[in-house]
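# Chains, contacts and geometry: an overview
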Amino acid sequence: MATTVSEAGGAGDERGRRKGRTTPPHVRALAGSLGGVVEACCLQPIDVIKTRLQLDRTGAYRGIVHCGATAARTEGVRALWKGLTPFATHLTLKYALRMGSNALLQSAFKDPATGDLSNRGRVAAGFGAGVLEALLIVVKIRLQQQKGLRPELLKYKGPIHCARMIIREEGVLGLWAGAAPTVMRNGTNQAAMFTAKNAFDVVLWKKHEGDGKVLQPWQSMISGFLAGTAGPICTGPFDVVKTRLMAQSRSGGDVKYKGMVHAIRTIFAEEGLRALWKGLLPRLMRIPPGQAIMWAVADQVTGLYEKSYLHRAHL
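In this report, the structure presented in the accompanying data block is examined. Note that the structure is predicted; figures quoted are calculated from it, not measured. (Residues numbered from 1 in each chain as written. Predicted model: local features only at pLDDT ≥ 70, side-chain atom pairs only at ≥ 80, totals over all residues. Heavy atoms only, no water.)

## Considering the pattern of salt bridges
For the structure on display, the rule yields 16 salt bridges. With a closest N to O distance of 2.9 Å, E75 and R52 form a salt bridge. Highlighted residues: E75 in helix α3 (residues 64–75) and R52 in helix α2 (residues 25–55), separated in sequence by 23 residues. Notably, a salt bridge pairs K256 with E270, separated by 2.9 Å at the nearest N-O pair. In this pair, K256 sits in the loop between α8 (217–247) and α9 (260–271) while E270 sits in helix α9, placing the two residues 14 residues apart along the sequence. Taken together, the shared-partner salt bridges connect R28, R122 and E209 into one network. (Salt bridge = Lys/Arg side-chain N within 4 Å of Asp/Glu carboxyl O. Helix = DSSP H or I, 4+ residues; strand = E, 2+ residues; numbered from the N terminus.)

## Some remarks on the nonpolar core
Generally speaking, soluble globular proteins have nonpolar side chains that are buried together. Ranked by size, the top nonpolar core spans 16 residues in total, and within it M99, M294, W295 and A298 carry the most contacts. Only α2, α4 (84–109), α7 (180–205), α8 and α10 (280–313) provide two or more residues apiece to this core. What W295 contacts, discounting residues up to four positions off in sequence, is M99, M193, F194, K197, S220 and G224. With 10 residues, the next largest nonpolar core counts V240, Y257, A263 and A275 among its residues. (Core = buried A, V, L, I, M, F, W, Y, C linked by side-chain atoms within 4.5 Å. Buried < 20%, exposed > 50% of the residue type's maximum accessible area, 1.4 Å probe, protein only. Contact = heavy atoms within 4.5 Å.)

## Focus on a nonpolar patch on the surface
A cluster of nonpolar residues, V203, L204, W218, I222, F225 and L226, forms a patch on the protein surface that exposes about 540 Å² of accessible area. Those elements that place two or more of their residues in the nonpolar patch are α7 and α8. With 4 residues, α8 is the largest single contributor of residues to the nonpolar patch. Tracing the backbone through its elements, the reader meets I222 in helix α8. On the accessibility criterion, I222 (34% relative accessible area) is partly exposed. (Patch = residues over 30% accessible without salt bridge, like charges linked within 9 Å, V, L, I, M, F, W, Y side chains within 5 Å. Areas by Shrake-Rupley, 256 points an atom, 1.4 Å probe, with all protein chains shown as cover.)

Written out as structure tokens, the structure is:
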């Protein structure tokens, strides 16, 4: 009987530890922020070269390598990191929100008895994190549309005030008015990415969330790269539709695409299924490498936290 009680107690302790192993949202947010800084530092030269090539109307650059070499030779190597501060700030805030909100939602969707998170809950948490990210994009667009510099003449005084005004005047759904493709793209992207990352960690490295195992950076990069391909593939149609809806002119009164669903149907009917994934290759050249770098850093932070937590739990 004593053995049974001990075993039951041990199982209960193990369940209790498992429930407490979830990395707190603030640690996840910090991990994402650090990952964003490193990603920005690594990929900024690519972004600079891309911009230079897009603006080159005289044929001064013969390709990616020639453009980078020319900029470094004529302006110094530091020229390849021009614009790093706003790019790094953008990624830092984006990943802090994405990782932190996902961790918060995962905690909410966990089974209260066992502390386990189902695949459905993981997908829902990822989707919710993407929706929150899209919400900020909507608020940002509203703020950017305002003209003038005098604060007293501006309708929206800041992000929080903007969100409050929209809710008061248009209701909660006003926050997503006209942004359905962006919401669906971001939500689906994060749902696919977080779910795929966890799945690849388990399948490739036998790494389970909260087990205290710290992946090697190269292992995180492989999982992150593969997970980074899942988002663009799943969200291709929403990205194409978002671009088409934003680009169409309303000056004539009538518009070709009347909404997200109508746009998808029209593009499919007129251009075929493959047209819904136009631009996929450039996205795959940018997003997976960025995810590989970000996760290599973020996994080190969260892995060390989990390892430290388990060490304290066994003392």
